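Below are the chains, spelled out letter by letter.
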Amino acid sequence: MTINANQANYQEPAVESKSDFIVTPESDVTPVLSVVMPTLNEEEGIVECIDRIKTAVDELRVPTEIVVSDSSTDATPDLARERGATVVTPDGEGYGYAYRYAFERARGEYIAMGDADTTYDFEALPRLLEPVQNGDADICMGSRLEGEIRNGSMPPLHQYVGNPLLTRFLNTFYGAGVSDAHSGFRVFTKDALETLELETTGMEFASEMIMEAGANDLTIEEVPIVYHEREGEETLDSFRDGWRHVRFMLVNAPDYLFSYPALLLVSLGAVLMGLSLPTTTLGGVNFGLQTMVGGSLLAIVGYQVWALALFSSIAADPIREPSSALVGTIRRHFQLEHAASIGVAVAVGGLLYLASVFGGWLVAGESALPGATVTLFASTVVILGVQTVFGSFFMSMLADQKE
């Protein structure tokens, strides 16, 4: 184990115990490690958690502070103080806010986080700290899904559906490359924490940390852990909190939320309209007016969704900057004059055709009217051109406000 300046200046007591290396609020010693736990009426588990932390710290032999971010109405804060913990009271609500409030007050070079309900075995702290202290990782997480999940500790819906699915989303959207993205047992450097722009206050905080780490190219490692049955009342709402995670991930990934669905809709709409123009027949299926209506609808909706991708990528400042050609390239090279000119040209082209159709009708009557599919195609072109013109001005206004 690497010895740093804080450890070198620390005088070991003659008689060691599980609490010999715990830095209390009254101590002048600067902690090397800060262990942070958010608590909300955790009197049934807080004592066991602190005792396990002390066992781990006795093995690590580094000055350690235990920071309890407490919003309880029971005896949790008193029990924590009696065992040498520093208790802070957040001035706001929420799981994520409790962590952020405590992180700002943690003094250690390394920070560990975990719940105080006995589900995480803090005696595994040395295994999580090792790759971070050795410089092999910025963040080390305990993986429940790669380790052991004890009977009754996690509902089957979470174990086999919720956590794997949310982890897959995070890996796909943000390249996290982890097996258990929502494990709350983590160790990281304070320097790594300072690179993360953490803002959420709820349960989606766990996702935000990994998303920010991925966006900032931080190195994440995992070690298998044992996940135990909790002590005390469950505070997690499976569907509500699960949806908060999914919503937060999608809102911060415009490519996946808007761009790719838009590409699918526009592509399908263009194919259907192309098949409808010459009234194509394939396999006994006629692609005529009705197909043109459907293709036009898909193209217009898809184009509008794509425009939302551009607008949101500027206005929302997402964690994962869009990199696709559909959004990223246009954002980097966007010029109002060019985009508006293209929109005007497209709209005018469609309008000229419709004007010629109208003129022919005035001169020769209905017999001069072309097929309805061609007229609908031209109308769709006009709509897309007009959307491009006004969308370009709106995008320019958003960009000016961000500067």
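What counts, and where the lines are drawn
- Residues numbered from 1 in each chain as written.
- Predicted model: local features only at pLDDT ≥ 70, side-chain atom pairs only at ≥ 80, totals over all residues.
- Heavy atoms only, no water.
- Helix = DSSP H or I, 4+ residues; strand = E, 2+ residues; numbered from the N terminus.
- Buried < 20%, exposed > 50% of the residue type's maximum accessible area, 1.4 Å probe, protein only.
- Contact = heavy atoms within 4.5 Å.
- Areas by Shrake-Rupley, 256 points an atom, 1.4 Å probe, with all protein chains shown as cover.
- Salt bridge = Lys/Arg side-chain N within 4 Å of Asp/Glu carboxyl O.
- Pairing = 2+ DSSP bridges.
- Axes fitted to C-alpha atoms, helices over the stretch in contact; angles between N-to-C directions.
- Polar contact = N/O pair within 3.5 Å; in protein donor to acceptor, adjacent residues only side chain to side chain.
- Phe/Tyr/Trp six-rings, centres within 6.5 Å; stacked < 30°, edge-to-face > 60°.
- Core = buried A, V, L, I, M, F, W, Y, C linked by side-chain atoms within 4.5 Å.
- Patch = residues over 30% accessible without salt bridge, like charges linked within 9 Å, V, L, I, M, F, W, Y side chains within 5 Å.
- Lys, Arg positive; Asp, Glu negative; His and termini not counted.
- Charge placed at Lys NZ, Arg CZ, Asp CG, Glu CD.

J.: Sorry if this is basic, but what is going on with the overall build of the protein here?
T.: When its secondary structure is counted, the protein shows 14 helices and nine strands. When the 403 residues of the protein are sorted by exposure, 48% land in the buried category. Restricting the contact set of the protein to residue pairs at least 6 apart, pairs at least 24 apart contribute 76%. Counting every atom, the protein has about 19500 Å² of accessible surface; 56% of that belongs to carbon and sulfur.

J.: For this particular structure, what's the right way to read the pattern of salt bridges?
T.: Pairs may arise between side chains of opposite charge once their charged atoms sit close together. According to the stated counting rule, one finds 11 salt bridges in the structure shown. Notably, a salt bridge pairs R81 with D78, separated by 3.6 Å at the nearest N-O pair. Taken together, the positions of R81 and D78, both in helix α3 (residues 76–82) and three residues apart, correspond to about one turn of that helix. Overall, D78 belongs to the partly exposed group, its relative accessible area being 43%.

J.: What is the right way to read unusual backbone geometry from this model?
T.: Negative phi is the rule for most residues except glycine; trans is the rule for most peptide bonds. The backbone of R61 sits at a positive phi, close to 60 degrees, despite the residue not being glycine. Here R61 shows up in the loop between α2 (46–60) and β2 (64–70). Taking the relative accessible area as the measure of exposure, R61 reaches 33% and is therefore partly exposed. Positive phi outside glycine occurs at D217, with the angle close to 60 degrees. Here D217 shows up in the loop between α8 (205–215) and β7 (220–227). Classification of D217 by relative accessible area gives exposed; the value is 67%.

J.: When you look at the sheet that holds strand β4 (residues 110–113) in this model, what are you seeing that I'm missing?
T.: The strands that make up a sheet pair up through hydrogen bonds in the backbone, lying either parallel or antiparallel. The strand order across the open sheet built from seven strands is β3-β2-β1-β4-β6-β5-β7, with neighbouring strands paired in mixed fashion. Whereas interior strands pair on both sides, the edge strands pair on one side only; in this sheet they are β3 (86–88) and β7. The average undirected angle you get between the axes of adjacent strands in this sheet is 25 degrees. In the sheet, strand β5 (residues 139–149) pairs with β7 via seven bridges, with the strands oriented parallel. Bridge assignment links G142 to a residue of β7, and that residue is V223. This element, helix α4 (residues 95–103), spans β1 (33–39), β2, β3, β4 and β6 (186–189) of the sheet and lies at about 150 degrees to β1.

J.: Where do I start with the side chain of S183 in this structure?
T.: The topology assignment puts S183 in the loop between α6 (156–174) and β6. One polar contact links the side chain of S183 to the main-chain carbonyl oxygen of G142, over a distance of 2.5 Å.

J.: Sorry, what's going on with the packing of aromatic side chains here?
T.: The relative placement of two aromatic rings is captured by the distance of their centres and the angle of their planes. Counted under the stated rule, the structure contains 11 aromatic pairs. With a centroid separation of 5.2 Å and 90 degrees between ring planes, the pair formed by Y95 and Y99 is classed as edge-to-face. In this pair, Y95 and Y99 are both assigned in helix α4, four residues apart and thus about one turn of the helix distant. Centre to centre, the rings of F311 and F394 are 4.9 Å apart; their planes meet at 90 degrees, and the pair counts as edge-to-face.

J.: Looking at this structure, how should I read the nonpolar core?
T.: Nonpolar side chains tend toward joint burial in soluble globular proteins. In terms of nonpolar packing, the biggest core is built from 38 residues, with M37, I46, I66, V68, F122, L125 and F185 touching the most fellow members. Counting residues per element, this core draws most heavily on α2, at seven residues. In contact with L125, other than residues within four places in its own chain, are V35, A56, A112, F185 and V187. If you look at the next biggest cluster of nonpolar residues, it comprises 37 residues, including V36, V178, A181 and L193.

J.: Before we go on, may I ask you to explain a negative patch on the surface in this structure?
T.: A surface patch of negative charge is lined by E43, E44, E229 and E231. Counting through the fold element by element, E44 comes out in the loop between β1 and α2. Exposure remark for E44: the relative accessible area of 55% places this residue in the exposed category.

J.: What exactly am I supposed to notice about the side chain of T167 here?
T.: Along the chain, the position of T167 falls in helix α6. Classification of T167 by relative accessible area gives buried; the value is 4%. Beyond its immediate chain neighbours, meaning those up to four positions away, T167 contacts V178, S179, D180, A181 and H182.

J.: Where do I start with α4 in this structure?
T.: Three- or four-residue spacings in an α-helix give side chains the same orientation, since the helix completes a turn every 3.6 residues. A large share of α4 lies buried, amounting to eight of its nine residues. Every buried residue belonging to α4 is among Y95, G96, Y97, A98, Y99, Y101, A102 and F103, and all of these are buried.

J.: Is there a simple way to think about the environment of L166 in this case?
T.: Within the fold, L166 resides in helix α6. For the pair L166 and S207, spaced 41 residues apart in sequence, the C-alpha to C-alpha distance is 8.9 Å.

J.: Would you mind going over a nonpolar patch on the surface with me for this structure?
T.: A cluster of nonpolar residues, L157, Y160, V161 and L165, forms a patch on the protein surface that exposes about 410 Å² of accessible area. Along the polypeptide, Y160 turns up in helix α6.

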